[in-house]
Amino acid sequence: MDQDAVLAGRAAAGDAAAFTALVRAHEGAVRRFLARLTRGDGADDLAQEAFLRAWRRAGDYRGAGSYRGWLMRIAWTAFLDARKSAGRREDREMAVLQQESPRNPDAAIDLGRALAGLGTRERAAALLCFGEGCSHAEAAQIMGLPLGTLKSILARARAALVARLEA
Amino acid sequence: MIEDERIVALFAAPERAPDEVFVARIARGVAAEQRAAAARAAAWRRFAVECAGSAAVITAFWLVWRLAPAALPLDGVTTVPAAAAAILILGLWFAIELRPSATAR
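Residues numbered from 1 in each chain as written. Chains lettered and ligands numbered in written order. Predicted model: local features only at pLDDT ≥ 70, side-chain atom pairs only at ≥ 80, totals over all residues.

**As for the overall build of chain A**
A tally of helices and strands in chain A yields nine helices and zero strands. Ordered by position from the N terminus, the helices and strands of chain A form the series α-α-α-α-α-α-α-α-α. Across the 167 residues that make up chain A, the buried fraction comes to 43%. For chain A, the proportion of contacts with a sequence separation of at least 24, taken over those separated by at least 6, is 62%. (Helix = DSSP H or I, 4+ residues; strand = E, 2+ residues; numbered from the N terminus. Buried ≥ 20, exposed ≤ 12 C-beta atoms within 10 Å, placed from the backbone. Contact = placed C-beta atoms within 7 Å.)

**A few points about helix 7 (residues 120-131) of chain A**
Residue and element names in this part refer to chain A. By the criterion of burial, helix 7 is predominantly enclosed, with 10 of the 12 residues buried. By the burial criterion, the buried members of helix 7 are Glu122, Arg123, Ala124, Ala125, Ala126, Leu127, Leu128, Cys129, Phe130 and Gly131. Following helix 7 by one or two positions, Gly133 has its phi on the positive side, about 70°.

**A look at the nonpolar core**
In terms of nonpolar packing, the biggest core is built from 54 residues, with Leu34, Ala50, Ala75 and Ala125 of chain A touching the most fellow members. Ignoring sequence-local partners within four residues, the contact set of Ala75 of chain A consists of Val30, Phe33, Leu34, Ala47 and Ala50 of chain A. (Core = buried A, V, L, I, M, F, W, Y, C linked by C-beta atoms within 7 Å.)

**A few points about the environment of Val23 of chain A**
Tracing the sequence through the fold places Val23 of chain A in helix 2 (residues 16-38). The buried category is assigned to Val23 of chain A, around which 27 C-beta atoms lie within 10 Å. In the structure, Val23 of chain A is positioned 25 residues away from Gln48 of chain A in sequence and 9.9 Å away in space, judged by C-alpha atoms. Sequence-distant contacts of Val23 of chain A, defined by excluding residues within four places in its chain, comprise Phe51 of chain A together with Val23 and Ile26 of chain B.

**Details of the interface of chain A and chain B**
Much of the literature gives interface size as the accessible area that the parts lose upon coming together. Opposite the 28 residues of chain A that make contact, chain B presents 21 residues. Elements supplying a minimum of two residues to the side of chain A that touches chain B: helix 2, helix 3 (43-56), helix 6 (105-116), helix 7 and helix 9 (147-166) of chain A. Of all the elements, helix 2 of chain A adds the most residues to the side of chain A that touches chain B, at eight residues. Across the side of chain A that touches chain B, the residue classes tally to 14 nonpolar, five polar and nine charged. (Nonpolar A, V, L, I, M, F, W, Y, C, P; charged D, E, K, R; others polar.)

**A word on helix 2 of chain A**
Residues and elements named next belong to chain A. Its 23 residues place the ends of helix 2 only 28 Å apart at the C-alpha level, less than the 33 Å of an ideal helix rising 1.5 Å per residue. Along helix 2, the sharpest kink reaches roughly 55°, centred on His26. Following helix 2 by one or two positions, Arg39 adopts a phi angle in the positive range, close to 60°. (Expected span 1.5 Å × (residues − 1). Bend = angle between axes of the 7 residues up to and from the residue.)

These figures capture arrangement, not role.
Listed below in C-alpha cells is the structure:
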C-alpha cells in the first residue's frame, strides 16, 4: 500500500494531520490544474472547496486508482459546479500563468494563447494528459468520460494546440 | 512525436515547495468542519434525548388515560382526556424548551 493510501485511510478515520499531509503533497498539482483551467479566476477558492470536499468524503476513497486522480476528479467536479452556478463567462487572458514563474516566460504566453482557443473539456483533457502526466484512462476517469470520448477530445485539443504553436 | 514533446514542454511547470500558507488555510477549514460536525452530533444527541423524554411523557399520559381515567382527581378534565393530555404535554414541552439551560444554548 503506498503512502497516499495509508494517509487516506487515516484521513477517512478522522485524522486531520494525515489529511494535511495529503494536502501538502498534492496542493501544487490541484491548484496548477485549476489555475490553468479557470485562468486564475478564483482557482485557489476552488482548490480550497475541492480539498474540503475531499475531507468530507474521505471515506469514499477506496484505493482504486491514485489519490491524486481522485482529488483531481473532485477538483474537476468543483470547477463544473462553480461554472454552472456562475454561468458562462467571457474568456480572459490567463494572468495565472505569469505568476507561475515558468522556466521560459515566453512559454507561459504561448501556453495562454494556445489554451485560449480550446473549449473547457479540451483544455481539461490537455492539462491532465500533457500537463499533469495522467494516462488517458486516468484522465477519462477524472473527467467522468468514456475512454473513447476522452481520446477524441484530446485529439481535437492536440490538433488545435499544434495549429496554434505553428501559427 | 516532436509535436507532443513540444506540447508537453509547453505545459511543464517548475517544481516548487509546498505552499504552507495554503496548507494552513485548508487545515483551518478542516478544523472548522470538525467543530461543526461535533456541534451537529451534539444537537442530534440532544434532539434524541428530548424525543425520548417527550415519548415517555406521552406514553405516561396515554397509560393514565387508558388505564385509570376514573381515578383522575379532576372530573371535568377526564371528560375530554385526550385534550387534557395534549394540553399537559404542550405545557411540559414549553417548560422544557423555555427552561434557562435550554434558552442559553
